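What the coordinates show
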Amino acid sequence: MTSGFFLYRLKGKITKKEEKNMDLKGRNFLKLLDYSPEEITYLIDLSAELKEKKKKGILHDELRGKNIALIFEKTSTRTRCSFEVAASDLGMGSTYLDPTGSQIGKKESIRDTARVLGRMYDGIEYRGFEQEIVEELAKYAGVPVWNGLTNEFHPTQMIADMLTIREHCGTLKGLKFVYMGDARYNMGNSLMVTCAKLGMHFVACTNPKYYPSDELVAKANDVAKETGATITLTDSVEEACKDADVIYTDVWVSMGEPDEVWKERIEDLLPYQVNAKALSYAKKDVKFMHCLPAFHDLETKIGKEIYEKFGLKEMEVTDEVFEGEHSIVFDEAENRMHSIKAIMYATLK
Ligand code: CP
Ligand code: NVA
């Protein structure tokens, strides 16, 4: 480790000198396994800096003249809006390709799409299904590709989440972070890797059927050995939530999964609902987080359907917790925009 990095750690934030060394220009942003702890911390710092500029009304349209393409094969509110607002703030143009409005996958392969869009755009966001699709896009595009969510990973969400935790808890290293529910999908996977990278104590608390894969747990453990992080998998809510700093959950059925799985998911995951009892084991000032959208009431079409079929009024989180004093979910949602801006700025500037 260079003396530069020692200084950086000592001060707890990026210095001008290291900022120059932290050159991410031209890099893809596909999963956090590809990024070092220092690079991840740099992106969190840059998000905070750009957030401050936005709040103070300081223009930062430094990427004027550039254009980005936004491919969404799944629906979105936060990610799409974040990319569009962030692009506009940075002075860039953007084109949104919706789940039905392009040739992708139906008449044109990802490899061909990458080679076409790479000629017109300076960067490409992709939200869709398997991780290998976004990796293929990145291989052939010739411009930075940002993963806006795949079945396996949701890396832009990670920078927002870590910025939010740092804003509320003042630090990241050493915190106890508990993920409850479906831990074998994009959110559980990404949070486990991110906590490992940043020296946090990650606990997946769920029915063992929903633990992250052995292969990914092994990778996270390898990272954890270097950073002082720990990875724990448990089906005990009390053990998991004891003294937790952060409790996080996500929907039990993700985009692209068939409706038939709801019954089994509810049976398997209801004991891992984030509710007042789970929070009672945690630290007094525990924070509740959720990437959103969340099923915490009957105000959604799916929420109503589930209520009619299974009699459940709230799912992965109770309305009491979602709306309660521990919840920081809307700060988290806002930070999607600041962090996506940082990721684009760092890889395009
Ligand atoms: N958290 C998140 O990715 O939200 P959207 O699906 O609305 O983009
Ligand atoms: N696991 C969820 C995350 C949504 C942001 C999904 O993939 O639908």
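Just so it is clear, the structure is predicted and the values come from calculations on it, not from any experiment.

1. Focus: the site of ligand 2
In the vicinity of ligand 2, the contacting residues are Leu149, Asn186, Asp250, Val251, Ser254, Met255, Cys291 and Leu292. One of the side-chain N or O atoms of asparagine 186 is found 2.8 Å from an oxygen atom in ligand 2. For ligand 2, the protein covers 95% of the area, taking 270 Å² as the surface of the free molecule. Counted by class, the shell around ligand 2 contains five nonpolar, two polar and one charged residues.

2. A few points about the side chain of threonine 249
Summarising the element assignment, threonine 249 is placed in strand β8 (residues 246-249). A distance of 2.7 Å separates a polar side-chain atom of threonine 249 from the backbone oxygen of methionine 180. Excluding residues that lie within four positions of it along the chain, threonine 249 makes contacts with Tyr179, Met180, Val274, Phe288, Met289, His290, Cys291, Glu316 and Val317.

3. Digging into the confidence of the model for the chain
Across the chain, pLDDT averages 94, with 94% of residues at or above 70. Throughout residues 1-15 the model reports pLDDT below 50, and contacts reaching past four residues in sequence, or to other chains, amount to 18 contacts.

4. As for the site of ligand 1
In the neighbourhood of ligand 1, the contacting residues comprise Ser76, Thr77, Arg78, Thr79, Arg127, His154, Gln157, Cys291, Leu292 and Arg336. Contact distances for ligand 1 include 2.9 Å between an oxygen atom and a side-chain N or O atom of arginine 127. Protein contact buries 95% of the 260 Å² of open area that ligand 1 shows by itself. Looking at side-chain class alone, the shell around ligand 1 contains two nonpolar, five polar and three charged residues.

5. Structural notes on the pairing of strand β1 (residues 67-72)
If a strand is regular, its side chains alternate between the two faces of the sheet. Most of β1 is tucked away: five of the six residues are buried. The pairing of β1 with strand β2 (residues 93-97) spans five bridges and is parallel. Paired with alanine 69 across the strands is threonine 95, a residue of β2. Regarding the hand of the β-α-β motif, the stretch spanning β1, helix α4 (residues 78-89) and β2 is right-handed.

The rules behind these values
- Residues numbered from 1 in each chain as written.
- Chains lettered and ligands numbered in written order.
- Predicted model: local features only at pLDDT ≥ 70, side-chain atom pairs only at ≥ 80, totals over all residues.
- Heavy atoms only, no water.
- Near = heavy atom within 4 Å.
- Polar contact = N/O pair within 3.5 Å; in protein donor to acceptor, adjacent residues only side chain to side chain.
- Areas by Shrake-Rupley, 256 points an atom, 1.4 Å probe, with all protein chains shown as cover.
- Nonpolar A, V, L, I, M, F, W, Y, C, P; charged D, E, K, R; others polar.
- Helix = DSSP H or I, 4+ residues; strand = E, 2+ residues; numbered from the N terminus.
- Contact = heavy atoms within 4.5 Å.
- pLDDT = per-residue confidence, 0-100.
- Buried < 20%, exposed > 50% of the residue type's maximum accessible area, 1.4 Å probe, protein only.
- Pairing = 2+ DSSP bridges.
- Right-handed = clockwise from strand over helix to strand, strands pointing away.

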